[in-house]
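This is what each chain is made of:
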Amino acid sequence: MRPRYFPPHDPQKFATAHRVFGACNITKMLQHIPEERRGDAVSSMVYEANARVREPVYGCAGVISQLQHHIFGLQSQLAKAQADLLFMHLQQANLLSIINGDEFGGGFGFQAVSPTQENQHDLITSKLSPHGNGTRIT
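None of the values given here were measured: they were computed from a predicted structure. (Residues numbered from 1 in each chain as written. Predicted model: local features only at pLDDT ≥ 70, side-chain atom pairs only at ≥ 80, totals over all residues. Heavy atoms only, no water.)

1. Some remarks on the nonpolar core
With 10 residues, the main nonpolar core is built from Tyr5, Phe6, Phe14, Ala17, Ile26, Leu30, Ala41, Val42, Met45 and Val46. Secondary-structure elements contributing two or more residues to this core are α2 (11-21), α3 (23-31) and α4 (38-54). Counting residues per element, this core draws most heavily on α4, at four residues. Those residues within four positions of Ala17 in sequence are excluded, and the remaining contacts are Phe6, Gly22, Ile26, Val46 and Ala49. (Core = buried A, V, L, I, M, F, W, Y, C linked by side-chain atoms within 4.5 Å. Buried < 20%, exposed > 50% of the residue type's maximum accessible area, 1.4 Å probe, protein only. Helix = DSSP H or I, 4+ residues; strand = E, 2+ residues; numbered from the N terminus. Contact = heavy atoms within 4.5 Å.)

2. With respect to the environment of Gly59
In this fold, Gly59 is placed in the loop between α4 and α5 (60-99). For the pair formed by Gly59 and Tyr47, sequence separation is 12 residues and the distance between their alpha carbons is 9.4 Å. Sequence-distant contacts of Gly59, that is, excluding residues within four places in its chain, are made with Glu48, Ala51 and Arg52.

3. Brief notes about the packing of aromatic side chains
One pair of aromatic rings is described through two measures. These are the centre distance and the angle between the planes. In the structure shown here, the tally under the stated rule is one aromatic pair. Summarising the aromatic geometry, the rings of Phe6 and Phe14 are spaced 5.2 Å apart at their centres and angled 75 degrees between planes, so their arrangement reads as edge-to-face. Note on accessibility: Phe6 and Phe14 belong to one class, buried. (Phe/Tyr/Trp six-rings, centres within 6.5 Å; stacked < 30°, edge-to-face > 60°.)

In C-alpha coordinates form, the structure reads like this:
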(Lines give C-alpha, C1' and ligand atoms only; values in the text may rest on other atoms or scores of the structure.)
Protein backbone atom coordinates (compact mmCIF):
# COMPACT_ATOMS: atom_id res chain seq x y z
CA MET A 1 0.00 0.00 0.00
CA ARG A 2 2.66 2.51 0.97
CA PRO A 3 4.57 2.72 -2.35
CA ARG A 4 1.44 2.92 -4.45
CA TYR A 5 -0.44 5.78 -2.78
CA PHE A 6 2.23 7.40 -0.65
CA PRO A 7 5.23 8.72 -2.61
CA PRO A 8 8.62 7.47 -1.41
CA HIS A 9 10.12 10.97 -1.65
CA ASP A 10 7.71 12.20 1.07
CA PRO A 11 7.62 9.60 3.86
CA GLN A 12 6.19 12.16 6.31
CA LYS A 13 2.77 11.90 4.62
CA PHE A 14 2.58 8.18 5.34
CA ALA A 15 3.95 8.60 8.85
CA THR A 16 1.37 11.24 9.76
CA ALA A 17 -1.57 9.32 8.25
CA HIS A 18 -0.36 6.11 9.90
CA ARG A 19 -0.06 7.84 13.29
CA VAL A 20 -3.60 9.24 13.12
CA PHE A 21 -5.54 6.51 11.33
CA GLY A 22 -3.33 3.41 11.47
CA ALA A 23 -2.19 1.45 8.42
CA CYS A 24 -4.90 -1.18 8.83
CA ASN A 25 -7.68 1.46 8.87
CA ILE A 26 -6.20 3.25 5.87
CA THR A 27 -6.23 -0.04 3.95
CA LYS A 28 -9.83 -0.75 4.96
CA MET A 29 -10.99 2.74 3.95
CA LEU A 30 -9.26 2.53 0.59
CA GLN A 31 -10.85 -0.86 -0.18
CA HIS A 32 -14.29 0.82 -0.16
CA ILE A 33 -13.26 3.50 -2.64
CA PRO A 34 -13.07 3.02 -6.43
CA GLU A 35 -9.52 2.59 -7.71
CA GLU A 36 -9.54 5.87 -9.69
CA ARG A 37 -10.52 7.87 -6.58
CA ARG A 38 -8.05 6.39 -4.12
CA GLY A 39 -5.33 8.96 -4.81
CA ASP A 40 -7.77 11.74 -3.89
CA ALA A 41 -8.84 9.79 -0.81
CA VAL A 42 -5.23 9.45 0.33
CA SER A 43 -4.71 13.20 -0.16
CA SER A 44 -7.80 13.86 1.96
CA MET A 45 -6.61 11.47 4.67
CA VAL A 46 -3.20 13.14 4.77
CA TYR A 47 -4.85 16.57 5.02
CA GLU A 48 -7.14 15.37 7.82
CA ALA A 49 -4.22 13.71 9.61
CA ASN A 50 -2.16 16.91 9.46
CA ALA A 51 -5.14 18.90 10.74
CA ARG A 52 -5.60 16.40 13.58
CA VAL A 53 -1.94 16.71 14.52
CA ARG A 54 -2.21 20.52 14.63
CA GLU A 55 -5.65 20.54 16.30
CA PRO A 56 -6.40 17.17 17.96
CA VAL A 57 -9.92 18.08 19.06
CA TYR A 58 -11.45 19.68 15.98
CA GLY A 59 -9.16 18.70 13.10
CA CYS A 60 -10.56 19.74 9.72
CA ALA A 61 -13.80 20.90 11.31
CA GLY A 62 -11.82 23.57 13.16
CA VAL A 63 -10.17 24.71 9.93
CA ILE A 64 -13.55 24.84 8.18
CA SER A 65 -15.05 26.82 11.07
CA GLN A 66 -12.20 29.34 10.94
CA LEU A 67 -12.60 29.73 7.18
CA GLN A 68 -16.37 30.19 7.51
CA HIS A 69 -15.81 32.87 10.14
CA HIS A 70 -13.32 34.60 7.83
CA ILE A 71 -15.80 34.43 4.93
CA PHE A 72 -18.53 35.94 7.13
CA GLY A 73 -16.22 38.83 8.03
CA LEU A 74 -15.36 39.41 4.37
CA GLN A 75 -19.04 39.31 3.39
CA SER A 76 -19.79 41.89 6.06
CA GLN A 77 -17.00 44.14 4.79
CA LEU A 78 -18.28 43.77 1.24
CA ALA A 79 -21.84 44.63 2.26
CA LYS A 80 -20.63 47.71 4.12
CA ALA A 81 -18.56 48.82 1.11
CA GLN A 82 -21.56 48.31 -1.19
CA ALA A 83 -23.76 50.31 1.19
CA ASP A 84 -21.17 53.09 1.37
CA LEU A 85 -20.98 53.16 -2.41
CA LEU A 86 -24.75 53.32 -2.77
CA PHE A 87 -24.90 56.04 -0.13
CA MET A 88 -22.28 58.08 -2.03
CA HIS A 89 -24.18 57.66 -5.29
CA LEU A 90 -27.33 58.93 -3.62
CA GLN A 91 -25.46 61.89 -2.18
CA GLN A 92 -24.02 62.65 -5.60
CA ALA A 93 -27.47 62.50 -7.20
CA ASN A 94 -28.82 64.82 -4.50
CA LEU A 95 -25.99 67.30 -4.92
CA LEU A 96 -26.34 67.30 -8.70
CA SER A 97 -30.05 67.94 -8.39
CA ILE A 98 -29.39 70.85 -6.03
CA ILE A 99 -26.73 72.29 -8.35
CA ASN A 100 -29.04 71.93 -11.35
CA GLY A 101 -31.87 73.55 -9.44
CA ASP A 102 -34.13 70.52 -9.76
CA GLU A 103 -36.63 70.92 -6.94
CA PHE A 104 -37.66 67.26 -7.10
CA GLY A 105 -34.18 65.88 -6.47
CA GLY A 106 -33.50 64.57 -9.95
CA GLY A 107 -36.66 62.50 -9.99
CA PHE A 108 -35.53 60.38 -7.04
CA GLY A 109 -37.40 62.35 -4.41
CA PHE A 110 -34.41 62.46 -2.04
CA GLN A 111 -33.30 65.38 0.05
CA ALA A 112 -29.70 66.39 0.49
CA VAL A 113 -28.17 64.28 3.24
CA SER A 114 -26.23 65.94 6.01
CA PRO A 115 -23.45 64.06 7.78
CA THR A 116 -25.57 63.85 10.94
CA GLN A 117 -28.27 61.76 9.26
CA GLU A 118 -26.55 58.43 9.85
CA ASN A 119 -29.87 56.64 10.17
CA GLN A 120 -30.27 56.65 6.38
CA HIS A 121 -26.82 55.16 6.00
CA ASP A 122 -27.67 52.51 8.62
CA LEU A 123 -30.89 51.67 6.78
CA ILE A 124 -29.03 51.19 3.50
CA THR A 125 -26.35 49.14 5.25
CA SER A 126 -28.89 46.86 6.90
CA LYS A 127 -30.69 46.30 3.61
CA LEU A 128 -27.42 45.16 2.02
CA SER A 129 -26.47 42.84 4.87
CA PRO A 130 -25.30 39.51 3.37
CA HIS A 131 -27.62 37.65 5.74
CA GLY A 132 -30.74 39.68 4.96
CA ASN A 133 -31.58 39.91 8.63
CA GLY A 134 -31.31 43.67 8.94
CA THR A 135 -28.35 43.56 11.31
CA ARG A 136 -26.21 46.66 11.37
CA ILE A 137 -22.77 46.30 9.88
CA THR A 138 -20.07 48.48 11.39
